[in-house]
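What follows is the residue order along each chain.
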Protein chains: 4
Amino acid sequence: MQYSVLDDNYVERIRTSFQKQGAMDTIGGRMTKVEPGEVHIEFPFSDAITQQHGFVHAGIMTAVVDTACGYAASTLMSAESEVLTVEYKVNFLSPAKGTEFVASGRVIKPGRIISVCIGEVMVKEETGYKTVILMQATMMAIPK
Amino acid sequence: MQYSVLDDNYVERIRTSFQKQGAMDTIGGRMTKVEPGEVHIEFPFSDAITQQHGFVHAGIMTAVVDTACGYAASTLMSAESEVLTVEYKVNFLSPAKGTEFVASGRVIKPGRIISVCIGEVMVKEETGYKTVILMQATMMAIPK
Amino acid sequence: MQYSVLDDNYVERIRTSFQKQGAMDTIGGRMTKVEPGEVHIEFPFSDAITQQHGFVHAGIMTAVVDTACGYAASTLMSAESEVLTVEYKVNFLSPAKGTEFVASGRVIKPGRIISVCIGEVMVKEETGYKTVILMQATMMAIPK
Amino acid sequence: MQYSVLDDNYVERIRTSFQKQGAMDTIGGRMTKVEPGEVHIEFPFSDAITQQHGFVHAGIMTAVVDTACGYAASTLMSAESEVLTVEYKVNFLSPAKGTEFVASGRVIKPGRIISVCIGEVMVKEETGYKTVILMQATMMAIPK
């Protein structure tokens, strides 16, 4: 879907905001795509984000894909709005075995107040990418 | 509700598993309660887990309450089972303004394969605790 | 929790709205409790609402508890607002074997725009009520 | 995605099961597609399934798309298995204004025990179909 933006400066606005997230710094997240209605964040495996079996913690992946979905919604908001996560739901499809991950957030229904997004975390495998997390999220625009 | 356990050694089993989570070490999580069907994890504010406004990242809180719910389900499982998060849904009720947090996971419907849990993250305030996150989660027992 | 209402006429407003729901008439729903932040709807088993094994259809129960949660949120709204279901998530805890059901909706976090509710469907058994469905729902107030 | 089936007789098995759903008969649902991993159910507007504003009740649409997702998962199960809805989450994207609806359920991650599905309800408009509901659902295979 093609979306038009309300804030021509959205890329810089979002990248600046992303830089302030201590959590994304800890996780090693890099914002690799910021387009109208879609944001990607890549992050590597590290011992700092594991669960008990040595794979990436499901909740940490959730944190990254939440961030991707929130900023995806934010790309379509005005410069005077903040994005707030109202809620999300996540299914875990496969174990997060791998060393390189990409979280994507995509707006599927933009709205003046409420936006609905779909998010995924994919792990890089030899032959391509495998989806390990699927998120359905509700984001909200609030005045700054 | 009162639950009986299948594994008398569940506290040690769960504490040992928890110690292996690099993510919980990064977050500073401490398991403060492990009882049949209920687990609490406390964690402090730190710059390593913030979002763009300097509060604790919603996704990081989700990671902790996911862990609390997973181990809550695990308390009622046999020593031969692993717990796996099938899915969860989280609502964000209030901003996570504070310095001390407690995540709780509670089994509301145990099952041989599928268990349903409710989780909360609360922030310590002067006059008590305020709920900032509410989780409804589905956990699964799989053979080790 | 004790909530105060914005519309003193909320009971009549909600009962009048409920009467207009063709779906609730088909299901045989009766609104048995309308209090600030809480609404109950009772409904009987009937062949018109079954799934393939002859029990009440999970989705039909969802429809009733959605209605209970929506009106629970509506009790705390002004007379100039409509309630809209943003989203919900439902876990199915037990088979819906029985002849009398009660769906309850309860506001756990009221808000000017967004309210979060918890809902349940319980089936009447000889010794009490058993929860068969647990819902976590997000409701929204919109101007009429 | 291309899926292979375990039960060559799955179409008849599923159609026979669908016929037993009193709720789908009440709603006027017709199963218009049964393929490996995907099921469609069409249904018309009727006064028997409305909410207070005269549109189709969100919960009733949920019941139909739950059925579509459940049978979509069932297409990939053995003849000895029953499908059970573990849980689902639904976002409401647009008002259900229209007279013809189609609910689709699609398996996105099949599993021996747990399958994850995506469902949609679309309303027929002059120029095509508009999505009004988006579902993410967890289905489970249990022995008959």
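Sequence order sets the numbering: in each chain, residues are counted from 1 along the sequence as written. Whichever chain is written first is A, and whichever ligand is written first is 1; the rest continue in order. Only residues with pLDDT of at least 70 are given local features in this predicted model, and only at 80 or more are side-chain atom pairs given and counted; all residues enter the totals for whole chains, interfaces and linings. Here the side-chain values reflect all heavy atoms present in the structure, with hydrogen atoms and water set aside.

A. Summary view of the interface of chain D and chain A. Note on contacts: a residue pair is in contact if any heavy atoms of the two residues lie within 4.5 Å. On the side of chain A, 14 residues touch chain D, which itself brings 14 residues to the contact. Carbon and sulfur atoms make up 57% of the area that chain D and chain A hide from each other, which totals about 1200 Å². The residue D:E87 makes a salt bridge to A:K89 at a minimum N-O spacing of 2.8 Å. Polar contacts here mean pairs of N or O atoms no more than 3.5 Å apart (in protein, one a potential hydrogen donor and the other a potential acceptor; neighbouring residues in sequence count only if both atoms are side-chain atoms). For the pair chain D and chain A, the interface holds 10 residue pairs in polar contact (both at pLDDT 80 or more). Comment: elements are numbered from the N terminus, with helices defined as DSSP H or I runs of at least four residues and strands as E runs of at least two. Mapped onto the side of chain D that touches chain A, the elements with two or more residues apiece are β3 (81-92), β4 (100-109), β5 (114-125) and β6 (128-143) of chain D. Three classes are used: nonpolar for Ala, Val, Leu, Ile, Met, Phe, Trp, Tyr, Cys and Pro, charged for Asp, Glu, Lys and Arg, and polar for all others, with Gly counted as polar. When the residues that make up the side of chain D that touches chain A are grouped by side-chain class, the tally is seven nonpolar, four polar and three charged. Once two parts are put together, the accessible area they lose, assessed with a 1.4 Å probe and summed over both, is termed the buried area. A pair is scored as a salt bridge if a Lys or Arg side-chain nitrogen falls within 4 Å of a carboxyl oxygen belonging to Asp or Glu.

B. Local environment of the sheet that holds strand β5 (residues 114-125) of chain C. Pairing between strands is defined by DSSP: at least two bridges between them are needed. A sheet is described by the order of its strands in space; here 12 strands give the open sequence β1(C)-β2(C)-β4(C)-β5(C)-β6(C)-β3(C)-β3(D)-β6(D)-β5(D)-β4(D)-β2(D)-β1(D), paired in antiparallel fashion. The outermost strands of the open sheet, each flanked by one partner alone, are β1 (30-35) of chain C together with β1 (30-35) of chain D. With direction set aside, neighbouring strand axes in the sheet form an average angle of 25°. Bridge analysis of strand β4 (residues 100-109) of chain C against β5(C) gives eight bridges, and the strand direction is antiparallel. In the sheet register, C:G105 faces β5(C), and the bridge partner there is C:G119. Angular values range over 0 to 180 degrees, each being the angle between N-to-C directions of two axes fitted as lines to C-alpha atoms, with helices fitted over their stretch in contact. Against the sheet, helix α1 (residues 10-19) of chain D makes contact with β1 and β2 (38-44) of chain D, and its axis sits at roughly 155° relative to β1(D), the strand it touches most. In the packing of helix α3 (residues 58-74) of chain D onto the sheet, the strands contacted are β3 (81-92) of chain C together with β1, β2, β3, β4, β5 and β6 of chain D, and the crossing angle to β6(D) comes to about 50°.

C. Just the relation of the copies chain A and chain B, in detail. Least squares is the method used to superpose the copies, on C-alpha atoms of residues holding a pLDDT of at least 70 in both. For the pair chain A and chain B, the superposition axis carries a translation of 0.0 Å, the fit reaches an RMSD of 0.0 Å, and the rotation angle comes to 180°. In the structure described here, the two chain copies are related by an operation that fits a two-fold rotation axis. Residue A:K89 of chain A places its C-alpha closer to the rotation axis than any other residue of that unit, at 2.0 Å. By residue overlap, the copies meet face to face through one surface: 100% of the interface positions of chain A are interface positions in chain B.

D. Here's a closer look at the environment of A:N91. Note that A:N91 resides in strand β3 (residues 81-92). Its relative accessible area of 0% is what places A:N91 among the buried residues. Looking at A:N91, its side chain comes within polar contact range of the side chain of D:Q136, at 3.1 Å. For A:N91, the side chain forms a polar contact with the side chain of D:T138, separated by 3.0 Å. Accessibility here uses a 1.4 Å probe with only protein chains present; expressed as a share of the type maximum, an area under 20% marks a residue as buried, one over 50% as exposed, and anything in between as partly exposed.

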